[in-house]
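# Structural characterization, general
The residues making up each chain are set out below.
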Amino acid sequence: MRRTTMLNTINFSQISQDFLKNLTKRQKEVISRRFGFQSGKRETLESIGKSFQMTRERVRQVERDGFLKMRPEIDTYKKVFTALLDYFKKQGELKREDILFSQLAPFKFQPNLYFLLTLHPQFSKFPESSDFYPLWTINPNSLQRAKKVNKFLVSKLKEKKEILPFSKILELYKKNQNILGINLNSQSLLSFVEISKEIEQGMENFFGLKEWPEISPRGVKDKSFLVLKREERPLHFNEISSLIPKLPFQGASEKRVVSQTVHNELIKDPRFVLVGRGIYALREWGYEPGVVKDIIERILRKKKTPLSEGEIVKEVLKQRFVKESTVLLNLKNQEYFIKNSQGKYIVGEI
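Quantities reported herein were computed from a predicted structural model and do not represent experimental measurements.

Counting 34 residues, the largest nonpolar core has Phe 19, Met 70, Leu 84, Phe 115, Leu 117 and Phe 123 as the members making the most contacts within it. Contributing elements (two or more residues each) for this core: helix H1 (12-20), helix H2 (25-35), helix H4 (56-70), helix H5 (78-90), helix H6 (97-104) and helix H7 (110-119). The element contributing the most residues to this core is H5, with seven residues. The residues contacting Leu 84, other than those within four sequence positions of it, are Leu 7, Leu 104, Leu 113, Leu 117 and Phe 123.

Structure below.
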């Protein structure tokens, strides 16, 4: 959602045209096409040069001459640029490019905002790298600070091995703020995290490492995993398949998911445990694999003492969604379970 700020009320298109008015016709066209004022798509020096029958270097020179002519007019719009500078200061002096544009300008006027940032010498663009998304900054040193903070957060996420809401990310940072030697407010910290390619936002403002299934789900299995994590209860595969398209994360499938596909995939994945007829739970919740017989045997071995029918049924029903009669039927299997003289059961050693 785009924020409503004073900057959102500025007509970036009109200001851009005001800067161009004193340029030559060729300078106007070159700069307009370079920033995509009309088409919304930025053109290369080479493509513009072909239409003018000029070399790309000559086009670059025309563009440069135009900028030199426009820069003295920057003070005319001091309030606009001051507002932009204030925005960056509140964001930790840097901002991921796509988020910056989506917050400050409607899509059709984003080329104009790009132009104004390029025009003013205090704004610098850093291109995409293996570690960071494209970003703009008013202080190149802020990128080094972001690298230090994000490296720390990545190490903490690896330790915890779980996705965290931003409030917990902020808490981690605050606890170690003195060690890091970097003073940030919550909005600045968010801007630092947003530029990272290692830390990504998943569902409902939770953050984690990009390769984690909770952040970048791959296929039906990961999406089923997310559904169960979100619902926090065992679900039938039909219900899981109906909830997958409703997952609130970017890239969630809107297509119908075939229930049988979900069943076929989950039965093979050790993260999931079949706990009833078509009902799946997550192994990390404490559910253990196996049929009812295996669960009974595991309970008896763990307790290391004979148990009554009622005690066994109670423990099994914590692990499986089955009828009491199913548990009792398995207990009658004398190959595996023996009733002692007190009417309690032990594991029969074959």
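Running from amino to carboxyl end, helix H9 (residues 166-175) crosses helix H11 (residues 186-194) at an angle of 100°, the nearest separation of the two axes being 11 Å. With respect to H11, the element H9 is oriented roughly perpendicular. Residues Phe 166, Ile 169, Leu 170 and Tyr 173 of H9 form the contact with H11, whose participating residues are Ser 186, Leu 189 and Leu 190. A class-by-class count of the residues in the contact of H9 with H11 yields six nonpolar, one polar and no charged.

When strand E4 (residues 164-165) meets strand E6 (residues 206-209), the two strands line up antiparallel, connected through two bridges. Bridged to Pro 165 within E6 is Phe 206. Across three bridges, the pairing between strand E5 (residues 199-201) and E6 is antiparallel. Across the sheet, residue Gln 201 finds its bridge partner in E6, namely Phe 207. Counting the residues between successive antiparallel strands, the hairpin from E5 to E6 contains four residues, one of them, Glu 204, with a positive phi of roughly 50°.

For the pair H1 and H7, the least separation of the axes is 8 Å and the interaxial angle reads 50°. Looking at the two axes, H1 sits oblique to H7. Where H1 crosses over H7, the handedness of that crossing is left-handed. Contact with H1, carried on its side by Phe 12, Ser 13, Ile 15, Ser 16 and Phe 19, involves Asn 112, Leu 113, Phe 115, Leu 116 and Leu 119 of H7 and no other residues of that element.

This part covers the pattern of salt bridges. Tallied over the full model, the rule gives 23 salt bridges. Ionic pairing is found between Glu 57 and Arg 60, a salt bridge with its closest N-O pair at 3.3 Å. A residue pair is termed a helical-turn pair when its members lie 3 or 4 positions apart in one helix, as Glu 57 and Arg 60 do in helix H4 at three residues. Residue classification places Glu 57 among the partly exposed residues on the basis of a relative accessible area of 45%. A residue is classified by how much of its surface remains accessible, and Arg 60, at 31% relative accessible area, is partly exposed. Of the charged contacts, one joins Glu 315 and Lys 318 as a salt bridge, the two residues approaching to 3.3 Å between their closest N and O atoms. Linking Glu 315 with Lys 318, this pair stays in helix H16 (residues 309-319), spanning three residues, or about one helical turn. Among the charged side chains, a network of salt bridges with common partners joins Glu 29, Arg 33 and Glu 43.

Conventions used here
- Residues numbered from 1 in each chain as written.
- Predicted model: local features only at pLDDT ≥ 70, side-chain atom pairs only at ≥ 80, totals over all residues.
- Heavy atoms only, no water.
- Core = buried A, V, L, I, M, F, W, Y, C linked by side-chain atoms within 4.5 Å.
- Buried < 20%, exposed > 50% of the residue type's maximum accessible area, 1.4 Å probe, protein only.
- Helix = DSSP H or I, 4+ residues; strand = E, 2+ residues; numbered from the N terminus.
- Contact = heavy atoms within 4.5 Å.
- Axes fitted to C-alpha atoms, helices over the stretch in contact; angles between N-to-C directions.
- Parallel < 35°, antiparallel > 145°, perpendicular 65-115°, else oblique.
- Nonpolar A, V, L, I, M, F, W, Y, C, P; charged D, E, K, R; others polar.
- Pairing = 2+ DSSP bridges.
- Left-handed = near helix turned anticlockwise from the far one by under 90°.
- Salt bridge = Lys/Arg side-chain N within 4 Å of Asp/Glu carboxyl O.

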